[in-house]
Amino acid sequence: MQTILIASETYDELNQCFTNTNTRSILLVCDAAYPFLRVKQYFDALEEKTGIHVVPFSDFQPNPLYESVVKGVELFHQSQCDTIVAVGGGSAMDVAKCIKLYANMDSSENYLKQTIAANDIPLLAIPTTAGTGSEATRYAVIYYNGEKQSVADYSCIPSVVLFDASALKTLPLYQKKATMMDAFCHAIESFWSVNSNAESMEYSAKAIQSIISNMEGYLNNEDTANANMLEAANLAGKAINITQTTAGHAMCYKLTSLYGIAHGHAAALCDAVLMPYMLANPEQCIDKRGCAHLQTVFEKLAAAMGCDTPQSMIAKFQSIVNQLELSAPQMKSETDIDVLKTSVNPVRLKNHPVGLSVEVIEHLYRQILNA
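Bear in mind the structure is a predicted one, so any value in this text is a computation, not a measurement.

When its secondary structure is counted, the protein shows 14 helices and eight strands. Its C-alpha atoms give the protein a radius of gyration of 21 Å, near enough to 21 Å, the size a compact globule of 371 residues would have. Reported as C-alpha extents along the three principal axes, the dimensions of the protein are approximately 60 × 45 × 40 Å. When each of the 371 residues of the protein is scored for burial, the buried share is 55%. At a minimum sequence separation of 6, the contacts of the protein that also span at least 24 residues come to 78%. For the protein, the accessible area works out to roughly 15,900 Å², and carbon and sulfur atoms hold 50% of it.

Quick look at the structure:
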């Protein structure tokens, strides 16, 4: 069971956490935003106030490398840390999760080739974006020899999450838009996933409703809306922790790397073309629960978005993408289409409720790029 805390001005709730876990030394996994956050002052003063030693670790990049995780594990042991705290976005969360998973494994062998052994090292997360929901999932992504590696185990889900709305204050507007849409797409894709159930749909619906109702205030950097958006991203994370993501995320990764747009931006462009295709091709349903179930899913999804029909839901989603000015990138050459259509992970397509052939995927990419 994950404990959710709301940050106070003094972060006293963290003191109680560290007392409960008898913490003596913390490996603080933090990204480039950390020096600008209010919580830095708390950790800077922690040893003097409590005697708890803090060891910062930030030797990793976005899309973190396996080698960076190995360095983190080595530092964890060299510094005799007993607790891990992740402060940052999805990459910081992924690195911290992997450090926890690998900390008690054989360092003489490649961790990726070993069976994960759960451990009781405390992991606390302080998300600084309202997007990935990584603090609520059992998944982490790192790269080894240029290839994406998905690491998954329930034991890497942080036991405690601190929502600190002040952390969102310094985010650039584009990043706020993109991370919000990542959470939005998580909730939407989870809702229609073939793995959905009543619990995941409840998480998704609550996330969707909160994102829509808090969107304006969040983009205007209002404290209450920022706090609510952190919670919405966490709910969307809980939803995909049950269902995983679907075709929108499978299609968005290469758009991100090929054109340099943010992950959530790319996911929104993909889901915006997937929605009408799915609705127009119910006969391609591969969800074992059948076409009637999928139609009901679309109706419930529309209701969660405050719409009367699935058609108006599609229009609303596309309108949000347009209003946020998340425009499609310009295709560089025809070879881009070949690169994109062969990049899609077929495992993710197994979670998608409507079958997608290579020809359909190419057509959808052409729609996205207005090609």
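So, about the packing of helix α3 (residues 66–78) against helix α4 (residues 90–102). Running from N to C, α3 and α4 cross one another at 60°; their axes reach a closest spacing of 9 Å. Judged by the inter-axis angle, α3 sits oblique to α4. The element α3 and its partner α4 pack so that their crossing is right-handed. Contacts from Y66, V69, G72, V73 and F76 of α3 reach α4 at V95, C98, I99 and Y102. Residues of the contact of α3 with α4, tallied by class, amount to eight nonpolar, one polar and no charged.

Every second residue of strand β8 (residues 160–163) is oriented toward a common face, with V160 and L162 on one face and V161 and F163 on the other, all of them buried. With two bridges joining them, strand β5 (residues 123–127) and β8 adopt parallel strand pairing. Bridge pairing in β8 places A125 opposite V161.

Turning to the pairing of strand β7 (residues 147–152), a few remarks are in order. Bridge analysis of strand β6 (residues 139–144) against β7 gives six bridges, and the strand direction is antiparallel. In the sheet register, Y143 faces β7, and the bridge partner there is K148. The antiparallel hairpin formed by β6 and β7 contains two residues in its connecting segment, where N145 sits at a positive phi of about 50°.

Attention now goes to the environment of D82. Take D82: it is sitting in the loop between α3 and β4 (83–88). Separated by 33 residues in the primary sequence, D82 and K49 place their C-alpha atoms 18 Å from one another. Ignoring sequence-local partners within four residues, the contact set of D82 consists of N22, T23, R24, S25, F76, I121 and P122.

Now for the side chain of D271. Mapped onto the fold, D271 is located in helix α9 (residues 263–280). Here D271 sits buried without a salt bridge, and the closest side chain of opposite charge, R348, lies 10 Å off (N-O distance). Discounting chain neighbours no more than four positions away, the residues touching D271 are C185, E189, W192, G248 and F317.

Across the sheet, which stays open at both edges, the six strands sit in the order β1-β8-β5-β4-β2-β3 with parallel pairing between neighbours. With one partner strand each, in any of the chains shown, β1 (3–6) and β3 (53–57) form the two edges of the open sheet. Taking each pair of neighbouring strands and ignoring which way they run, the sheet shows an average axis angle of 20°. Alignment of β1 against β8, held across four bridges, turns out to be parallel. Considered in β8, the bridge of I6 is made with F163. Sheet strands touched by helix α1 (residues 12–20): β1, β2 (25–30), β4, β5 and β8. Its angle to β5, the strand with the most contacts, is close to 165°.

Criteria and thresholds
- Residues numbered from 1 in each chain as written.
- Predicted model: local features only at pLDDT ≥ 70, side-chain atom pairs only at ≥ 80, totals over all residues.
- Heavy atoms only, no water.
- Helix = DSSP H or I, 4+ residues; strand = E, 2+ residues; numbered from the N terminus.
- Rg over C-alpha atoms; globule rule 2.2 N^0.38 Å.
- Buried < 20%, exposed > 50% of the residue type's maximum accessible area, 1.4 Å probe, protein only.
- Contact = heavy atoms within 4.5 Å.
- Areas by Shrake-Rupley, 256 points an atom, 1.4 Å probe, with all protein chains shown as cover.
- Axes fitted to C-alpha atoms, helices over the stretch in contact; angles between N-to-C directions.
- Parallel < 35°, antiparallel > 145°, perpendicular 65-115°, else oblique.
- Left-handed = near helix turned anticlockwise from the far one by under 90°.
- Nonpolar A, V, L, I, M, F, W, Y, C, P; charged D, E, K, R; others polar.
- Pairing = 2+ DSSP bridges.
- Lys, Arg positive; Asp, Glu negative; His and termini not counted.
- Salt bridge = Lys/Arg side-chain N within 4 Å of Asp/Glu carboxyl O.

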